[in-house]
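Okay, here's what each chain looks like letter by letter:
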Amino acid sequence: MISLVIVESPAKAKTIKRYLGNDYEVLASYGHVRDLLPKEGAVDTEHNFEMRYQLIERNSKHVDAIVKSLRKADRLLLATDPDREGEAISWHLLEILKKKRGLMKEKEVGRVVFHEVTKKAIREAVEHPRQISTELVNAQQARRALDYLVGFNLSPLLWKKIRRGLSAGRVQSPALRMIVEREEAIERFQAQEYWTLEAEVTTRGENFSARLSHLDGKKLDKFAIGDGEEAHRVEARILREAEGRLTVVKVEKKSKKRNPAPPFTTSTLQQEASRKLGFNSQRTMRTAQQLYEGIDIGGETTGLITYMRTDSVTLSDEALEEIRRYVGQHFGDNNLPKAPRIFKTKSKNAQEAHEAIRTTSAFRPPNSLQDHLSKDQFRLYELIWKRSLASQMIHATLDTVAVDLAAAEGDLFRASGSVIVDPGFMALYQEGSDQKKSDSDQENSGLLPPLHQGERVELIQLLPEQHFTEPPPRFSEASLVKTLEEFGIGRPSTYASIISTLQQREYVEMDKRRFIPTDVGRVVNKFLTAHFNRYVDYDFTANLEDQLDAVSRGEEEWLPLLEKFWRPFKSLVTEKEESVSRKEVTEEAMDESCPECGKPLVTKLGKRGRFVACTGYPDCSYTRNLDGDSDKKSEPEVVEGRSCPQCQAPLYIREGRYGKFIGCSAYPSCKFIESIEQPLDTGVSCPKCSQGSILRRKSRRGKIFFSCSTYPKCDYALWDEPVAEACPECSWPILSIKTTKRRGTEKVCPQKECSYAIPFTPEGGDTEEEGDG
């Protein structure tokens, strides 16, 4: 019997083909094979939400190849990814094949699911095929329909009320709201002063410090000493009372246990890779995909980690046994708990019961694979391997001691410290954190000399110290992913693309690896929270995810879910289309009058962001930047030490509709301009001339493009980010990363005549959070 196996990526197809032998043909679908028509009416809300699909043109040649091979096969095994997205791809492909006359006659069809690309897992999976899950397919269709209905109705409304080219999405918009609300909280924040009093003391030649904790028998809260005058008054009092010495009145010793973190889920992998490796979510998932699909490790190609889109923190019995065996052999049986650790997920809406992300073999330590992995692959593999093993090691044991020292009755200082007695799992791995260490954490990190009750220690000095409260921190990628997961917004496959979409739409910017909302992002969020508050509400979004999960479990029907969502949503869109003006959305009143005509000033959203303008326009043309500089008074900045290469006139830094640029002062007689940003070398060699390298540049209109460093000698250029990998189909020396609304992010061949394309980021998020406007 000849079996045709269909997977999503060609890399995985090559690996699996080696495992299955001559009776199996393995082909790739290259991701999705069909999608909704990219126009209004693709979801027919008047006829039971009928969904109108079309074959994705770019993948038609791959579907043709599958049809051709299937004519020679006896059995079709659909082995796309083991999640809702993969289930839907298998269903779509089968629906296409069923329409080919005579193709499926007397053909066996099975759905094959595996969570790691290893010989054993693949062979077991093909021996136990199942039917396609209607429930999972319906849940994915419902999700796609909801995303389409939100995108195709809200996005055009944003175009009318704010500006063209904007989008709103069911999951993207609540994430934007989080970032904007955090920024607004930072702007509202008012720092509050407080003081602490630190005692530097010594005993038997060992110095340590203690902080004032009680005064007159009352425990001091953070703001008990509110200014310097009060701090110095307390300091003088303590010095009088102590007379150079403090008395140990209490010594409290405890032993603490610290347990290891569970193995990785998608969310925690993205968070930890951001903290420890500096990877963004897309880079993490791209590298994880490579490790999952299979790496040549010296004569053998195998998947090195399990499936990387998962909410689960559980490990299989086989994996637990192997990990415990490795830990026992290499770290000693004393570092093994008596029984395997069993973790329970904390995710609000965990679903799709996969395994956690782990290495496919504990007996492949990172250093044994370093010669076969890229730098990114090695670092991520090492992180996953260490976390997997550490999760099954014994707890760490720490001894802590807290000491109270008295200057007088009721006036106490506290010193605390800790020491690691047995590192346990910490000898291999410690989880990172986004939180700054608190004052108490910093105190606890040191050691204290041996002290006993009644002992007198010498007071060296008192150190009053001024502090100010700090605003909440801006979101990093790690903390945003963590917060989205805590609220139940999105799913493992969507976090990377939520972040990518917000950046592509220019709703947010990154500063020191933290998100800052742009003026456009603020205005979009203001419009959505004011007029569509229910649909960007965190609980509403999470509850909708709950309902979609219930559909996937067969507990709810998908069509009533769509009906319940659609009617009130469409009614609200129609109402706001008529009742809300563009001026109401993009302008905001100020408590200030125009210095030229006395009429009220407002802030407006322009092509270059927000600015201040007079309501008397066009009679009064007064405008200024938000920082207070009037546009009328601004003079162009001269570029020092340079002159125009065309006419030798001075060069100016000017500002146009696409931002700042360098231009000739003799304009309009000389029209020389250049980008103010210097090109960045991507490190990818030019595929056309092989002499230069590809540089990342910005066009005069502000758009990023990539071109050869030897220009104008070589004119090779492309819009998409290049990757130093040869095309597997046409052998062109590079590939590129292309993102479209319709197909998401893919790794493609930049040659027009070649149709090579594979998914580049997790498939599940490409449609979920993006508006399809």
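Before reading further, recall that the structure is shown in the block above.
Okay, so let's go over this structure. (Residues numbered from 1 in each chain as written. Predicted model: local features only at pLDDT ≥ 70, side-chain atom pairs only at ≥ 80, totals over all residues. Heavy atoms only, no water.)

## Notes on the overall build of the protein chain
Stage number 1. The helix and strand tally for the protein chain stands at 20 helices and 35 strands.
Stage number 2. The buried share among the 773 residues of the protein chain stands at 53%.
Stage number 3. By sequence separation, contacts in the protein chain at least 24 residues apart represent 66% of the contacts at least 6 residues apart.
Stage number 4. Accessible surface computed for the protein chain: about 37300 Å², of which carbon and sulfur atoms make up 46%.
Stage number 5. For the protein chain, the distance from the average site of its 116 positive side-chain charges to the average site of its 118 negative ones is 4 Å. (Helix = DSSP H or I, 4+ residues; strand = E, 2+ residues; numbered from the N terminus. Buried < 20%, exposed > 50% of the residue type's maximum accessible area, 1.4 Å probe, protein only. Contact = heavy atoms within 4.5 Å. Areas by Shrake-Rupley, 256 points an atom, 1.4 Å probe, with all protein chains shown as cover. Lys, Arg positive; Asp, Glu negative; His and termini not counted. Charge placed at Lys NZ, Arg CZ, Asp CG, Glu CD.)

## Describing the pairing of strand S18 (residues 508-511)
Stage number 1. Sheet topology places S18 next to strand S19 (residues 514-517); four bridges connect them, and they run antiparallel. Following the sheet pairing, Met 510 is matched in S19 by Phe 515. (Pairing = 2+ DSSP bridges.)

## Description of a nonpolar patch on the surface
Stage number 1. Judged by side-chain polarity, Val 419, Val 421 and Leu 447 come together as a nonpolar surface patch covering roughly 270 Å² of accessible area.
Stage number 2. Within the fold, Leu 447 resides in the loop between helix H13 (439-444) and strand S17 (456-468). (Patch = residues over 30% accessible without salt bridge, like charges linked within 9 Å, V, L, I, M, F, W, Y side chains within 5 Å. Salt bridge = Lys/Arg side-chain N within 4 Å of Asp/Glu carboxyl O.)

## Description of the packing of aromatic side chains
Stage number 1. Inspection of every chain in the model, using the stated rule, returns 18 aromatic pairs.
Stage number 2. Judged by centre distance (6.5 Å) and plane angle (75°), the rings of Tyr 53 and Trp 91 are edge-to-face. Linking Tyr 53 in strand S6 (residues 53-55) with Trp 91 in helix H3 (residues 84-98), this pair joins segments that are 38 residues apart in sequence.
Stage number 3. For the pair Trp 566 and Phe 569, a centre-to-centre distance of 6.4 Å together with 50° between the ring planes defines the contact as tilted. Residue Trp 566 and its partner Phe 569 are both found in helix H18 (residues 558-579); the two are separated by three residues, about one turn of the helix. Per residue, the accessibility class of Trp 566 equals that of Phe 569, and both read buried.
Stage number 4. Members of the aromatic cluster, joined through ring pairs, are Phe 527, Phe 532, Tyr 535, Phe 540, Phe 565, Trp 566 and Phe 569.
Stage number 5. The ring of Phe 475 carries the charged tip of Arg 182 above its face, separated from the ring centre by 4.2 Å.
Stage number 6. It is Lys 276 that lies over the ring of Tyr 429; its NZ or CZ is 4.0 Å from the centre. (Phe/Tyr/Trp six-rings, centres within 6.5 Å; stacked < 30°, edge-to-face > 60°. Lys NZ or Arg CZ within 6 Å of the ring centre and 35° of its normal.)

## What to know about the sheet that holds strand S34 (residues 744-748)
Stage number 1. Spatial ordering of the open sheet is given by S32-S33-S34-S35, a layout of four strands whose pairing is antiparallel. Among the strands making up the open sheet, the edge pair consists of strand S32 (721-723) and strand S35 (757-759). Between one strand axis and the next, the sheet turns by 35° as a mean value, whatever way the strands run.
Stage number 2. Where strand S33 (residues 735-740) lies against S34, five bridges are found, and the strand directions are antiparallel. Looking at the pairing, Ile 737 lines up with Lys 747 of S34. (Axes fitted to C-alpha atoms, helices over the stretch in contact; angles between N-to-C directions.)

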